[in-house]
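Below are the chains, spelled out letter by letter.
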Amino acid sequence: MINITSFNQKGTYKQPNIFGYYGDFGGAYIPEMLHRNVEELKSRYLEIMYEPGFQQEFQALLKDYVGRPTPLFLAERLSKKYNTTIYLKREDLNHTGAHKINNAIGQVLLAQRLGKKRIIAETGAGQHGVATATVCALKGIECVVYMGEVDIERQAPNVARMKMLGAKVVPATSGSKTLKDATNEAIRAWINDPLETHYVIGSVVGPHPYPDMVARFQSVISEEVRWQLKEKTGSELPTHVIACVGGGSNAAGAFYHFLDDDNVQIIAVEAAGHGINSGMSAATTQLGKPGVLHGSKSLVMQTADGQVVEPHSISAGLDYPGIGPMHAHLYATGRGKFLSATDNESLAAAFQLTRLEGIIPALESAHALCALDQLKLSPRDVIVVCLSGRGDKDLSTYMKAMENVASQS
Amino acid sequence: MSLIKNLFQHKQHNILNVYCTAGYPHLNSTLEVMRALQNNGADIIELGMPYSDPLADGPTIQASNSVALHNGMTIEKMFEQLQDFRNTPAEQDAIRIPVLLMGYMNPILQYGFEKFCRQAAELPVDGLILPDLPEYEFETIYGDIIKRYGLDFVFLVTPETSEERVRKLDALSTGFLYAVSSSSITGSDKDFSAVESYLQRLQNMQLTNPILVGFGIKDKQTFQSACKYANGAIIGTAYIKALEDAEDVNIATKKFLGSILQ
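The structure presented is a predicted model; accordingly, all values stated were derived computationally and were not measured.

Cut-offs and rules
Residues numbered from 1 in each chain as written. Chains lettered and ligands numbered in written order. Predicted model: local features only at pLDDT ≥ 70, side-chain atom pairs only at ≥ 80, totals over all residues. Heavy atoms only, no water. Salt bridge = Lys/Arg side-chain N within 4 Å of Asp/Glu carboxyl O. Helix = DSSP H or I, 4+ residues; strand = E, 2+ residues; numbered from the N terminus. UniProt positions renumbered as here; feature names shortened; annotations may be inferred. Domains from an automatic or database assignment. Contact = heavy atoms within 4.5 Å. Buried area = accessible area lost by both parts, 1.4 Å probe. Polar contact = N/O pair within 3.5 Å; in protein donor to acceptor, adjacent residues only side chain to side chain. Buried < 20%, exposed > 50% of the residue type's maximum accessible area, 1.4 Å probe, protein only. Pairing = 2+ DSSP bridges. Axes fitted to C-alpha atoms, helices over the stretch in contact; angles between N-to-C directions. Phe/Tyr/Trp six-rings, centres within 6.5 Å; stacked < 30°, edge-to-face > 60°. Lys NZ or Arg CZ within 6 Å of the ring centre and 35° of its normal. Nonpolar A, V, L, I, M, F, W, Y, C, P; charged D, E, K, R; others polar. Parallel < 35°, antiparallel > 145°, perpendicular 65-115°, else oblique. Left-handed = near helix turned anticlockwise from the far one by under 90°.

1. So, the pattern of salt bridges
Two side chains with opposite charge may pair up if their charged atoms get near one another.
Argument step 1. Evaluation of the coordinates by the stated rule reveals 35 salt bridges over all chains.
Argument step 2. When the shortest N-O distance is used, the salt bridge between A:Lys116 and A:Glu40 registers 3.2 Å. Of this pair, A:Lys116 sits in the loop between α4 (100–113) and β5 (118–123) while A:Glu40 sits in helix α1 (residues 35–49), placing them 76 residues apart in sequence.
Argument step 3. Of the charged contacts in the structure, one is a salt bridge between A:Glu57 and A:Arg113, with a shortest N-O distance of 2.9 Å. On the criterion of sequence distance, the pair formed by A:Glu57 in helix α2 (residues 52–66) and A:Arg113 in helix α4 is long-range, its members being 56 residues apart.
Argument step 4. The structure contains a network of salt bridges with shared partners spanning A:Glu32, B:Glu135, B:Glu139, B:Arg165 and B:Lys168.

Okay, here's the thing in C-alpha cells:
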C-alpha cells in the first residue's frame, strides 16, 4: 500500500512534495478562479482514493469492466529478433483499447464522491475522451469533451464513439485547434462552472494534484507487472521498462513501482516527428525549456519569446508541447533515459510487431517499441514494454503507409 | 509614491481601468491606443502582453493576443515601444496615468523574471497582474523580486475565495485588489445582479486595498453597478471588441469610453 501521508520536502521520483513539486518541476500555476476547486481536490484526493469503499468499487471495475489484470505477454519472436527477453504489458487489451480507462474510472468515481454533477475532459486522439465518455455512460453522468477542431477532423471514429456514448464533443477553435487548445478550453469551461464540474485530465499534466493523482491511478500497470514478472521469471524486477511519453500517463503508470529500484532502467520514448531538428517534432525533453503550461512548471516546447509552439507527431496521443513534471524530473536527474523515435521509425515498428506477434499496436505504443533498436540489449536482459493501446484507431494511417510502400515497390 | 496609490488618494470612486493588448490591433498601435484611453477618460491602463495560451481569458482577448503575436509583438518589442512613454517630446503624448502590465508567467520566465521587473520599473510602469502566478510562488520566490523593483502587484479574488483568503491576498497586494465578478473567464455574460451581494461582502470587509471589479463589465450599466460597491471597474473584452473593426483607434476609443462615462 502506498504511504498516503508522507510528503518528502523536495519530492521523490514518484511523489511530489506538498506543493506538487518533483524536484524543480510541478506546482499549481492556476488563476484564482480555479483555486477553490484545485484546493478541494488537493485536500481530498488521497483520503478519497484510499478509502476502502472507493478502492473496492475501483478495483471491482478494473477487474470486471476493464478486464484487468492485463496480460504480461512474452513476445517470443520479437525477443528472438533482438536476442533478448521482451515482455509486452498489454494495456491495449483494456476496455476502450488503451490505458486511459484506468484513470478515467478513478477520476469519475472521485468526482462522484466530491459531489460533482458534470464531467469535462480534453482529448487529442480521442482515446481519453472515449474512456471518459465510457465511464460517464456507465455511471449516468453528463460528459462534455473538448477536442481541437483539427483533431475532430482527423479522428472521426473516436468522435463518433464519444457521441454514441452520449458525450457532447465541443470543438476547440482557438489557437492551433489541437490538444493544447482543447486543454485550454476544458480549463476555461471548468473556470466557468467550478462548483458542479470535475475536470478529468487525461495525462500526468496540469496543476498539482493532477500529475500525482493520475500517476497513482495508472500505477496499477507497474503494480501488476511486478507480480506477473515474479510469476514468470522468479524476479519482480526487469532490467528495463520502456514506455512512450507524450504527457506521459502510461509511462508514469509503467514506471511508478520501479522508480525506487535503481537497477531497473527507466526508458521513455518521445515522438521525434519528422526528426528532432526538422521543426516538426514533439520531443519535449530535447526541444523544450523550463516553462509553465496548463498549470504546472515543466519542460515546454516554446519560442525564444516564450510562446508555446505547436508540436508534430504522426501519433495524436504524443502530439503535445509539454511533458508531465514527474517526467521532467526523471529527465533532469538522469533517473530516466529519454529516447525519441520518428514517425517513420514508429510506423516500421508497428508493422514489425504486427507481423511478428499478431498485435497491431497504437502508433503511440509503436514509439516505445523503437527503443529496442536504440538500446544495447544483452541476452540476459528482461525488458518490459508498455503496449499502451491498440492500433484500430490508427488504421487509416497504417493503410496509407501500406499504399506508399506498395506504390514504391 | 506609486502612481496607483496616488490616483486612489485623489479619486476613490468610478475609477475606470481599461485593458488593451500590446501590439493590437496593429504592431505599432500600442501607444496610440494607450493615448486614446488616457485622453478619453481612462484612469488606469492594463496593458496585456500577448500569450499563445491565455488561460484566464475568453475568446475575444485570446483572439487579440493571437493577432498581436501574428503582428510580431514580444515583450522586448513592447519595452521598446514604451521607451520614453512617460517623457515624449510632445508633452500631450506622454502617458501620465498608471499602467499595469498583465500577462502570463511563461513568456516572462523565458524573458527572465528579474530582468523583466527591472526593465518594467525603469520605464516606469507601475505594477503587474499575473493571473497564473499563485500566492505560494509569489511568497517563496517572485514577490521579493517584484518588491525589490518597487512594482505594485495585484491579486485576483473571486466569489469563491474565502474571507480568510481574501484577507491574505489583500495583504499581499499593493495598488488595488482585482475582484473577479464571477468565477468565469473574461468576456462572459452572466447576470450582474448576482454579483452585487459578493461585492457588498467585500466592501464590508474593510480591506487595505481599493477594489476594482473586472470580468463582465461591458457597458455603462454594468460599470455603474460595479462602482456602487467598489472603487471602480476594469473593462477588457468589450473594449477589444470595439477595436476589432475600428478604422480609427481614436474615434473608436472616444466612442466606446463615451458610452461608458457619459
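2. Details of the UniProt feature "domain: Tryptophan synthase beta chain-like PALP" (unreviewed entry) in chain A
Argument step 1. What UniProt calls "domain: Tryptophan synthase beta chain-like PALP" (unreviewed entry) maps, in this numbering, to residues 67–389 of chain A.
Argument step 2. Within residues 67–389 of chain A, the helical portion is 41% and the strand portion 21%, while the C-alpha atoms at the span's ends are 14 Å from each other.

3. Describing the domain arrangement of chain A
Residues and elements named next belong to chain A.
Argument step 1. Under the domain assignment used here, chain A contains domain 1 (23–61 + 99–214) and domain 2 (64–97 + 219–408).
Argument step 2. The gap between the C-alpha centroids of domain 1 and domain 2 is 22 Å.
Argument step 3. Each side of the interface is counted separately: domain 1 has 40 residues, and domain 2 has 40 residues.
Argument step 4. By the criterion of area lost to domain 2, the three top residues of domain 1 are Phe25, His99 and Lys180, representing 23% of everything that side buries.
Argument step 5. Taken together, domain 1 and domain 2 are joined by one salt bridge.
Argument step 6. Taking the shortest distance from any N to any O, the salt bridge between Arg154 and Asp319 comes out at 3.3 Å.
Argument step 7. Where domain 1 touches domain 2, the interface holds 18 residue pairs in polar contact (both at pLDDT 80 or more).

4. Focus on the side chain of A:Glu32
Argument step 1. Structurally, A:Glu32 is set in the loop between β2 (25–26) and α1.
Argument step 2. A relative accessible area of 10% means that A:Glu32 is categorised as buried.
Argument step 3. Among the polar contacts made by the side chain of A:Glu32, one reaches the side chain of B:Arg165 at a distance of 2.6 Å.
Argument step 4. With residues up to four places along the chain from it excluded, the contact list for A:Glu32 reads B:Pro131, B:Leu156, B:Val157, B:Thr158, B:Thr161, B:Arg165 and B:Leu169.

5. Quick look at the sheet that holds strand β3 (residues 72–74) of chain A
Residues and elements named next belong to chain A.
Argument step 1. Here we have six strands laid out as an open sheet, ordered β3-β4-β14-β9-β10-β13, and mixed in their pairing. Looking at strand neighbours, the two that pair on one side only are β3 and β13 (336–342), the edges of this open sheet. Each strand axis lies, on average, 25° off the axis of its neighbour in the sheet, ignoring direction.
Argument step 2. In this sheet, β13 lies alongside strand β10 (residues 265–273) in parallel orientation, the contact comprising seven bridges. Counterpart to Ala271 in the pairing with β13 is Ala341.
Argument step 3. Contacts from helix α10 (residues 220–233) reach β3, β4 (85–90) and β14 (382–387) within the one sheet, and its direction differs from that of β4 by about 140°.

6. Section: the pairing of strand β11 (residues 289–293) of chain A
Residue and element names in this part refer to chain A.
Argument step 1. Across five bridges, β11 lies against strand β12 (residues 296–300) in antiparallel orientation. Counted as the bridge partner of Leu293 is Ser296 from β12.
Argument step 2. Following β11, the chain reverses through two residues before pairing antiparallel with β12; His294 in that reversal takes a positive phi of roughly 50°.

7. What about the packing of aromatic side chains?
Argument step 1. Summed over the entire model, instances satisfying the criterion amount to 20 aromatic pairs over all chains.
Argument step 2. Between A:Trp190 and A:Tyr210 the ring centres are 6.1 Å apart and the planes differ by 75°, which places this aromatic pair in the edge-to-face class. On the criterion of sequence distance, the pair formed by A:Trp190 in helix α8 (residues 179–192) and A:Tyr210 in helix α9 (residues 210–218) is long-range, its members being 20 residues apart.
Argument step 3. Judged by relative accessible area, which is 3%, A:Trp190 ranks as buried.
Argument step 4. The structure contains a cluster of three or more aromatic residues connected by ring pairs, namely A:Phe54, A:Phe58 and A:Phe217.
Argument step 5. Looking at A:Lys81, its charged tip hangs above the ring of A:Tyr82, at a distance of 5.2 Å from the centre.
Argument step 6. Over the ring of B:Tyr111 we find B:Lys115, and its NZ or CZ is 4.3 Å from the ring centre.

8. Describing the interface of chain B and chain A
Argument step 1. Facing the 36 residues of chain B at the interface are 34 residues of chain A.
Argument step 2. At the surface where chain B touches chain A, the tally comes to three salt bridges.
Argument step 3. Ionic pairing is found between A:Lys180 and B:Asp53, a salt bridge with its closest N-O pair at 3.0 Å.
Argument step 4. The interface formed by chain B and chain A contains 21 residue pairs in polar contact (both at pLDDT 80 or more).
Argument step 5. Going through the elements one at a time, α3 (59–70), α5 (105–111), α7 (135–148), β6 (156–157) and α8 (163–172) of chain B are the ones with two or more residues in the side of chain B that touches chain A.
Argument step 6. When residues of the side of chain B that touches chain A are assigned to their parent elements, the largest contribution, five residues, is made by α5(B).
Argument step 7. In the side of chain B that touches chain A, the residues fall into 19 nonpolar, ten polar and seven charged.

9. Examining the packing of α1(A) against α9(A)
Residue and element names in this part refer to chain A.
Argument step 1. Look at α1 against α9: their axes get within 10 Å of each other, and the N-to-C directions meet at 15°. As summarised for this structure, α1 and α9 are arranged roughly parallel, according to the angle between their axes. Remark: the crossing between α1 and α9 carries left-handed chirality. Contact residues: Leu41, Tyr45, Leu46 and Met49 in α1; Tyr210, Asp212, Met213, Arg216 and Phe217 in α9.

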